[in-house]
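This is what each chain is made of:
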Amino acid sequence: MNRTAIIVRLSPWLFTIGLLILWEAAVHALHIPTFFLPPPTAVAYAFVEFAGPLARNSWITLETTMIGFALAVGFGLLLGLLVGWSRTIYAGLYPLMIGFNAIPKVAVVPILVLWFGIGFVPAVFTAFLISFFPIVVNVATGLATIEPELEDVLKALGASKLDIMRKVGIPRTLPYFFGSLKIAITLAFVGSVISESVASNYGIGNLMLQAQAQFQVPLIFAGLVALAIEGIAMYAAMAILERRMTGWAQRSGFAQS
Amino acid sequence: MSAFVALDGVSHAYGGAGGALAVDALSIAVQTGEFAAVVGPSGCGKSTLMKLATGLQFPLKGTVRVAGEAVNKPLKIAGMAFQAPTLLPWRTTLENLLLPLEIVQPHRSELSRRRKEYVARAENLLASVGLRDQGDKYPWELSGGMQQRTSLCRALIHEPQLLMLDEPFAALDAFTREELWCVIRDLHAVRKITVILVTHDLREAVFLADRVFVMSSRPGRILAEKRIEFPRPRDIEVTFTPEFQDIVHELRAHIVKARQ
Ligand SMILES: Nc1ncnc2c1ncn2[C@@H]1O[C@H](COP(=O)(O)OP(=O)(O)OP(=O)(O)O)[C@@H](O)[C@H]1O
Ligand SMILES: [Mg+2]
């Protein structure tokens, strides 16, 4: 490995550390009070002090997100295949989906609470509702953009619509699908945290809300850090999955350079 | 002898009867085992002719008959290759070749039982177009010319009675193109299949075909047909003879007129 490669490898860490040092220095130099903006050291201290509750609630948030996300994957895949299959279904569902997607999901939480009470279930549903849309759109797009020539080649062999779907439609849709998972998992996470902070007694969202009520500002920031770590981990997991499943679609050097 | 592919007084418009006609009163008859080439100005309806003959489009007027039967659904006996190779990037070259066998009966139901035999067939076919031992590569690991050869093999693997080629060599360099002409020439000679080739390259048409059809500009009809009498097997050298040049000239004049 040459020098540039090493620097590129290290640069995310260097930038993060640089930001933290800058932050710490600014807080001290400008005498910013801890209850306004705690320095990184105070956040780190809170992180250690409240390691137990943070871990417990992170786990709950993760669980909520994953269940909502799993529902979104199943439902989104099904709906996407349906929408991509038939022009009629597409025409009928598309305006509905657009309208539905335009609704801010935080506005749906009260209804979910009305139906299911506060806690786990509305959070799962919020995560699900917010994250299934990109999956549907991507799967449907993958199916809708089959090359007409390829379709002709197969049709001239006597292939049925189902054959074309199985041999071409679904495989070529996979990169779109796995690509959408990266977006969907992040959104699902947003959904569960929103719902937790509005209507739950558990989860990182709720923990941050309580910390705010008690004016424990470093703990709020520690909660943020926990969220960031979880978010990055989930995104990375999806990115790895994408790479694994659809290596053939990722041969351009563009993204690697 | 009755025609293998026969279009009679065919008119077609995309987007239903209201649309502008793509072909109008088009009649063409290709005999069994014949090699027909279709040339004409761009946008005159050559690809439309191919789609009509294979049942991918249905005419507004007129009849299309293939192998004595009216065409009212996509043909199952045709192999097709286009200007773009349209290979599946997630399948290896060999798996791409096997695709038609996964669809066409009776191969489809026998595929799992006779897989070895089919793989051997695919490998032979690859070898015959100069792609020996390339079966494990992915299409994107092949050059454009190699992809086009693979696409040709895919059109032939299920041993179709009718081969439809729509500008299959247009994107290739002159030398590769001539090489593939010879490949097609030999395949046609060995298998005695009926071939319809659409091309913009008049040398290609005259070198390969038994008859060349010239189409008018849109809406397309057959303006002229020219029987090519050079004895088979033809050598590439024939394309440099004055007789050959004369025929190319004559066809060119037709197209120039058609464009006006
Ligand atoms: N799918 C389609 N929808 C609407 N119009 C079409 C479609 N395909 C072709 N056409 C029209 O029909 C006419 C004939 O098209 P076609 O593709 O058959 O021409 P072509 O002779 O193959 O041209 P080229 O030599 O450029 O390939 C064109 O004018 C084109 O605009
Ligand atoms: Mg064309």
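The preceding data block contains the structure.
Residue numbers restart at each chain and count upward from 1, following the sequence in its written direction. By the order in which they are written, chains take letters starting at A while ligands take numbers starting at 1. pLDDT decides what is reported in this predicted model: residues at 70 or higher carry local features, side-chain atom pairs at 80 or more are listed and counted, and totals for whole chains, interfaces and linings draw on all residues regardless. The basis for every side-chain value is the complete set of heavy atoms in the structure, and neither hydrogens nor water enter the calculation.

## Some words on the site of ligand 1
All names here are of chain B. Here is the rule: We call a residue near a molecule or strand when any one of its heavy atoms sits within 4 Å of it. Residues adjacent in sequence count toward polar contacts only when both atoms are side-chain atoms; beyond that, a polar contact is any pair of N or O atoms within 3.5 Å, and within protein one must be able to donate a hydrogen and the other to accept it. Calculation of accessible area relied on Shrake-Rupley with a 1.4 Å probe; when residues are assessed, cover is drawn exclusively from the protein chains displayed. Helix numbers and strand numbers start at the N terminus; a helix is a DSSP run of H or I with at least 4 residues, a strand a run of E with at least 2. Polar here means any residue outside two lists: the nonpolar Ala, Val, Leu, Ile, Met, Phe, Trp, Tyr, Cys and Pro, and the charged Asp, Glu, Lys and Arg; Gly therefore counts as polar.
Surrounding ligand 1, one finds Y14, A22, S42, G43, C44, G45, K46, S47, T48, E167, H200 and R218. Between ligand 1 and K46, the relevant distance is 2.7 Å, taken from an oxygen atom to a side-chain nitrogen or oxygen of the residue. Between ligand 1 and E167, the relevant distance is 3.2 Å, taken from an oxygen atom to a side-chain nitrogen or oxygen of the residue. When isolated, ligand 1 has an accessible area of 630 Å², and the protein chains bury 62% of it. The element that contributes the greatest number of residues to the shell around ligand 1 is helix α1 (residues 46–53), accounting for three residues. When the residues that make up the shell around ligand 1 are grouped by side-chain class, the tally is three nonpolar, six polar and three charged.

## Topic: the sheet that holds strand β4 (residues 61–66) of chain B
All names here are of chain B. Basically, it comes down to this: Pairing between two strands is assigned when DSSP locates at least 2 bridges connecting them.
Reading across from one edge, β2-β1-β4-β5 is the order of the four strands in this open sheet, with antiparallel pairing throughout. Every interior strand has two partners, whereas the edge strands, β2 (21–31) and β5 (69–70), have only one. When β4 meets β5, the two strands line up antiparallel, connected through two bridges. Across the sheet, residue V66 finds its bridge partner in β5, namely E69.

## A few points about the packing of helix α9 (residues 203–213) of chain A against helix α10 (residues 217–245) of chain A
Residue and element names in this part refer to chain A. Let me state the cut-off plainly: Axis angles are defined between N-to-C directions and span 0 to 180 degrees, where every axis is a line fitted to C-alpha atoms and, for a helix, only to the segment in contact. In what follows, roughly perpendicular refers to angles from 65 to 115 degrees, roughly parallel to angles under 35, roughly antiparallel to angles over 145, and oblique to any angle outside these ranges. In a left-handed crossing the near helix is turned counterclockwise from the far helix by less than a right angle, and in a right-handed crossing that turn is clockwise. By the convention used here, residues are in contact when the closest approach between their heavy atoms is within 4.5 Å.
The interhelical angle for the contact between α9 and α10, taken along N-to-C directions, is 165°, at an axis separation of 8 Å. Judged on the interaxial angle alone, α10 and α9 are roughly antiparallel. Taken as a pair, α9 and α10 cross one another with a handedness that is left-handed. Residues I204, L207, M208, A211 and Q212 of α9 form the contact with α10, whose own contacting residues are L219, I220, G223, L224, A226, L227 and E230. Grouping the amino acids of the contact of α9 with α10 by side-chain chemistry returns nine nonpolar, two polar and one charged.

## A few points about the state of the cysteines
Our working definition: When two cysteine sulfur atoms are found within 2.5 Å, that pair is recorded as a disulfide.
Tallied over the entire structure, the rule returns zero disulfides over all chains. Free cysteine: C182 of chain B, not disulfide-bonded; nearest cysteine sulfur from C153 of chain B at 15 Å.

## What to know about a nonpolar patch on the surface
All names here are of chain A. Rules: Think of a patch as exposed residues, more than 30% relative accessible area, with no salt bridge, where like charges cluster within 9 Å and nonpolar side chains (Val, Leu, Ile, Met, Phe, Trp, Tyr) cluster within 5 Å. For this document, the term salt bridge refers to a Lys or Arg side-chain nitrogen within 4 Å of an Asp or Glu carboxyl oxygen.
Nonpolar side chains collect at one region of the surface, where I67, L71, I111, L114, W115, F116, F120 and V121 lie side by side and expose about 780 Å² of accessible area between them. Where the nonpolar patch is concerned, the elements lending two or more residues are α3 (51–85), α5 (109–116) and α6 (120–144). Tallying contributions element by element places α5 first for the nonpolar patch, with four residues. Relative to the elements of secondary structure, F120 occurs in helix α6.

## Some thoughts on the interface of chain A and chain B
The test is simple: Buried area: the accessible area, evaluated with a 1.4 Å probe, that two parts lose upon being put together, summed over both parts.
Facing 18 residues of chain A, the contacting portion of chain B comprises 23 residues. Note on chain A versus chain B: buried area summed over both sides is about 1,900 Å², and carbon and sulfur give 74% of it. Where chain A meets chain B, there are two salt bridges. Between R108 of chain B and D163 of chain A there is a salt bridge, with the nearest N and O atoms lying 2.6 Å from each other. Mapped onto the side of chain A that touches chain B, the elements with two or more residues apiece are α7 (148–155) and α8 (161–199) of chain A.

Just distances and angles here, no functional claims.
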